[in-house]
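# Breakdown of the fold
One letter stands for each residue in the lines below.
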Amino acid sequence: YMSKGGFANLHNPVKLMKGSTREILDPLESIVKNTYLFVNIAERNKVGRAIVELAESKEGAGRFVEKVDAKYTTSKENILTVYRGGKAEKYQLEPDLYRATLALDRESANTVVKLLSYPASWLRAGATLSPDFIVRNPIRDQFSAFINSKYGYIPGVDMVKGIFHAVKKDEMYWQYQNSGAASATLISLDRDYLQKSLKDFFGNKSTKEKVVTVINPKTYIEMLRELSDIGEYGTRLGEFAKGIKKGADPLEAALSARDLTLDFGRLGTHMKQFNRIIAFMNASVQGMDKMRRQFIEKPLPTITKTVLSITLPSVLLFLANHDDDRYKELPRWQKDLFWIVLTKNNIYRIPKPFEMGVLFGTVPERILAWVLENDPEAFKGIASAIKDAAVPSYIPTALLPIIEVWANKSYFTGRPIVPEKEKRLMPKYQFGPYTTETAKSLGNLLNLSPRKIEAIIRGYTGGLGMYTVKLAEGVGGATGAMEGDRNKPSLSASEYPVFKAFMVKEYSSAQSVEDFYDELNDLEMKYATTKQTNEPHITPKEYERLKVLRKVADKFSEIRKAERKVRDSKTLTPDQKKAALDRANMLTVNMARATQGRKKMQ
């Protein structure tokens, strides 16, 4: 009997008992449900009371909150119902304040919004439950927690302590739970979940149910959800414990824990509807708002911590890496979003915080590239990188993958979905050595690009969707169902699940190759315009350059044919295929580098 409103404006949940022919619910379920119901109503009613009592204590507040006669019942007049002393009281609120109080929950979304909300929810789940995100996000959060902490959070150390508190479920854990800080994470309380929790609590699970649980995909989704929560939970609980040990009031420590990284429960009156159809819009807005508040409230400590934890590592790593050709060949988006650590045999990447990482890490790196290397391309795309970090996407998630495929450009990386070297091929042949058999089969059936099919899967289901496809193919290959997948090129360490979250394959999607095709396409456009308009849009020198690039592009076509033969070979082993494809890729990179006057890679 709880209303769908946001806060206050609640119906009386106490009803007369009367007979019914409906099925009787499990009494334990009813107890838990009713406990949650009454506690929730009491807490929400406190919000309405706080607004009323604040208005009563301030002179002139009547223009915002005015008590009216109890006969008013319609919400069209912005009437808010609050219970005090067990009796309902009604107040007329200023329209904006009324909408904020109800958080727009009472406004029913139309059918279009509901339909558009499904892809956004799929992507949120698929992205946050991906193994790559699960292992990478806690590391990213450590930098934000260090900067935002009120009690001197130590990255890594306090997260581990928080995880131990959660695993042991000790007194600190329950104090954290009771403080309200844990409500930053929403937990499902639907009937299926409730029944499962009660059965688990009482150990009432039959053998049949255990078997079903093992083979039920929902079981693994729950496992991923638990793993995804551990890092964030440990970080917040670590901050809470730090505050308590320093003598902070539990409520004060709880507020600090909630606001340590991002409080996903913070929503504006209109943002709730936008966030339904644009997957991470609220997270983006809250990230910038948190950074703004932090610099306003604690300017000097925030600047100091930001320089120490983000700017200094960025500068030192750039100075260590900028002369290394492996670093130069990394795509710009990799260097913008990650700190790159080079060793003799491997390239590692550490995720930067989203907003602060770009503003206080990437921008200094670009400035150093311009100063030390006199790189004319140093600031190429920097405005777009800052915009992507600071401004939320305004394109509904349901439409974004379709737009990306149509434009052949990834919104996230800024690079083509189908690389330039494959654009002239028929769509069904636009795939790489590690494209999934599922995408290739669908591409062959529908004459669509397998790369674009995978882009659609990622666009709607995130990393988890691609992991699911690959897992299904792995099971199919083990049973002989996926013959084409059984002799694929072997993987390097940087291409294995989870490992690839922190590693980069050398010369994969090399910057020199992208620069080559950018220049070729620019000259081809000038040449075509000149022929069409009979106006000199291309100079003789540029035309000679175009002829050289065309010859190299023809060589690239020959290399692609050789690569396809290697992939389709029935005699080469996976290791032999990998070695041959790596040599072909290195040949492509070196030819692209030669056209730009860069030295040959070994």
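Residues numbered from 1 in each chain as written. Predicted model: local features only at pLDDT ≥ 70, side-chain atom pairs only at ≥ 80, totals over all residues. Heavy atoms only, no water.

## What to know about the packing of helix α12 (residues 281-297) against helix α16 (residues 354-373)
With their axes 9 Å apart at the nearest point, α12 and α16 run at an angle of 60° to one another. Taken together, the axis directions place α12 and α16 in an arrangement best described as oblique. Residues Ala283, Ser284, Gly287, Met288, Met291 and Phe295 of α12 pack against Glu355, Met356, Leu359 and Phe360 of α16. Here the contact of α12 with α16 is built from residues that sort into seven nonpolar, two polar and one charged. (Axes fitted to C-alpha atoms, helices over the stretch in contact; angles between N-to-C directions. Helix = DSSP H or I, 4+ residues; strand = E, 2+ residues; numbered from the N terminus. Parallel < 35°, antiparallel > 145°, perpendicular 65-115°, else oblique. Contact = heavy atoms within 4.5 Å. Nonpolar A, V, L, I, M, F, W, Y, C, P; charged D, E, K, R; others polar.)

## Observations concerning the sheet that holds strand β3 (residues 87-93)
Hydrogen bonds between backbone groups are what pair the strands of a sheet, and the pairing can be parallel or antiparallel. In space, the three strands of this open sheet follow the order β1-β3-β2, with antiparallel pairing throughout. Two strands bound the open sheet, and with one partner strand each, they are β1 (65-68) and β2 (79-84). The average angle at which neighbouring strand axes cross in this sheet is 40°, direction not considered. Here β1 runs beside β3; their pairing, made up of four bridges, is antiparallel. Paired with Glu66 across the bridge in β3 is Gln92. (Pairing = 2+ DSSP bridges.)

## Topic: the nonpolar core
Counting residues in hydrophobic clusters, the biggest one holds 19 residues, and the most contacted among them are Val513, Phe516, Tyr517, Leu520 and Phe556. Within the residue set of this core, elements represented by two or more residues are α21 (511-533), α22 (540-568) and α23 (574-595). In terms of residues, this core owes the most to one element, α22, which gives six residues. If sequence neighbours within four positions are ignored, Val513 has contacts with Thr588, Val589 and Ala592. Core analysis: the next-biggest nonpolar cluster, separate from the first, contains 15 residues, Tyr151, Ala181, Ala241 and Ala257 among them. (Core = buried A, V, L, I, M, F, W, Y, C linked by side-chain atoms within 4.5 Å. Buried < 20%, exposed > 50% of the residue type's maximum accessible area, 1.4 Å probe, protein only.)

## Remarks on a nonpolar patch on the surface
A contiguous nonpolar patch, built from Leu308, Leu312, Leu316, Leu319, Ile367, Trp370, Val371, Leu372 and Phe379 and spanning about 850 Å² of accessible area, is present on the exposed surface. Listing elements by their share of the nonpolar patch, those giving two or more residues are α13 (299-321) and α16. With respect to the secondary-structure elements, Trp370 resides in helix α16. Classification of Trp370 as partly exposed rests on a relative accessible area of 48%. (Patch = residues over 30% accessible without salt bridge, like charges linked within 9 Å, V, L, I, M, F, W, Y side chains within 5 Å. Areas by Shrake-Rupley, 256 points an atom, 1.4 Å probe, with all protein chains shown as cover. Salt bridge = Lys/Arg side-chain N within 4 Å of Asp/Glu carboxyl O.)

## Concerning the packing of α16 against helix α17 (residues 382-390)
Across the interface, α16 lies against α17 with an axial gap of 9 Å and an inter-helix angle of 165°. Considering their axes alone, α16 and α17 lie roughly antiparallel with respect to each other. Crossing angle aside, the handedness with which α16 passes α17 is left-handed. The residues of α17 that touch α16, namely those facing Phe354, Glu355, Val358, Leu359, Thr362, Val363 and Arg366, are Ile382, Ala385, Ile386 and Ala389. Grouping the amino acids of the contact of α16 with α17 by side-chain chemistry returns eight nonpolar, one polar and two charged. (Left-handed = near helix turned anticlockwise from the far one by under 90°.)

## What about the packing of aromatic side chains?
Per the stated rule, a full pass over the model turns up 13 aromatic pairs. Judged by centre distance (6.0 Å) and plane angle (50°), the rings of Tyr517 and Phe556 are tilted. Linking Tyr517 in helix α21 with Phe556 in helix α22, this pair joins segments that are 39 residues apart in sequence. There is no split in this pair, since Tyr517 and Phe556 are both buried. Within the aromatic cluster, the residues linked to one another by ring pairs are Tyr173, Trp174, Tyr176, Tyr233 and Phe240. The ring centre of Phe354 lies 4.1 Å from the NZ or CZ of Arg140, which sits over that ring. Of note, Arg349 hangs over the ring of Phe338, and the distance from its end group to the ring centre comes to 4.5 Å. (Phe/Tyr/Trp six-rings, centres within 6.5 Å; stacked < 30°, edge-to-face > 60°. Lys NZ or Arg CZ within 6 Å of the ring centre and 35° of its normal.)

## Quick word on helix α4 (residues 131-148)
Over its 18 residues, α4 extends 26 Å from the first C-alpha to the last, a length consistent with the 26 Å expected when each residue adds 1.5 Å. Along α4, the largest kink reaches about 30° and is centred on Asn137; proline Pro138 follows within four residues of it. Of all 18 residues in α4, 13 are buried; the element is thus mostly enclosed. (Expected span 1.5 Å × (residues − 1). Bend = angle between axes of the 7 residues up to and from the residue.)

## Focus: the side chain of Ser256
The topology assignment puts Ser256 in helix α10 (residues 250-258). Setting aside anything within four residues of it in sequence, one finds Ser256 in contact with Lys150, Tyr151 and Glu239.

## So, the sheet that holds strand β6 (residues 503-504)
With antiparallel pairing, three strands are arranged side by side in an open sheet as β4-β5-β6. Each end of this open sheet is capped by a strand with a single partner; those strands are β4 (338-342) and β6. Where strand β5 (residues 347-351) and β6 come together, two bridges link them in antiparallel fashion. Counted as the bridge partner of Ile347 is Val504 from β6. Contacts from α4 reach β4 and β5 within the one sheet, and its direction differs from that of β5 by about 60°.

## Regarding the pattern of salt bridges
A pair can form between side chains of opposite charge whenever their charged atoms are brought close. All chains considered together, the criterion is met by 33 salt bridges. Arg366 is the salt-bridge partner of Asp336, the closest N and O atoms lying 3.0 Å from each other. Taken as a pair, Asp336 in helix α15 (residues 332-337) and Arg366 in helix α16 lie far apart in primary sequence, 30 residues in all. Each member of the pair Asp336 and Arg366 is classed as buried. A salt bridge links Glu437 to Lys440, with the shortest nitrogen-to-oxygen separation between them at 3.0 Å. Placement of the pair is Glu437 and Lys440 together in helix α19 (residues 437-446), with a separation of three residues, close to one helical turn. The network of salt bridges with shared partners includes Asp259, Asp289, Lys290, Arg292 and Arg293.

## Some remarks on the confidence of the model for the chain
Looking at the chain as a whole, its pLDDT mean stands at 82, while 83% of the residues score no less than 70. When the criterion is pLDDT under 50, residues 207-212 qualifies, and its contacts beyond four places in sequence or with other chains add up to three contacts. Taken as a whole, residues 477-485 scores under 50 in pLDDT and shows eleven contacts with residues more than four places along the chain or in a different chain. (pLDDT = per-residue confidence, 0-100.)

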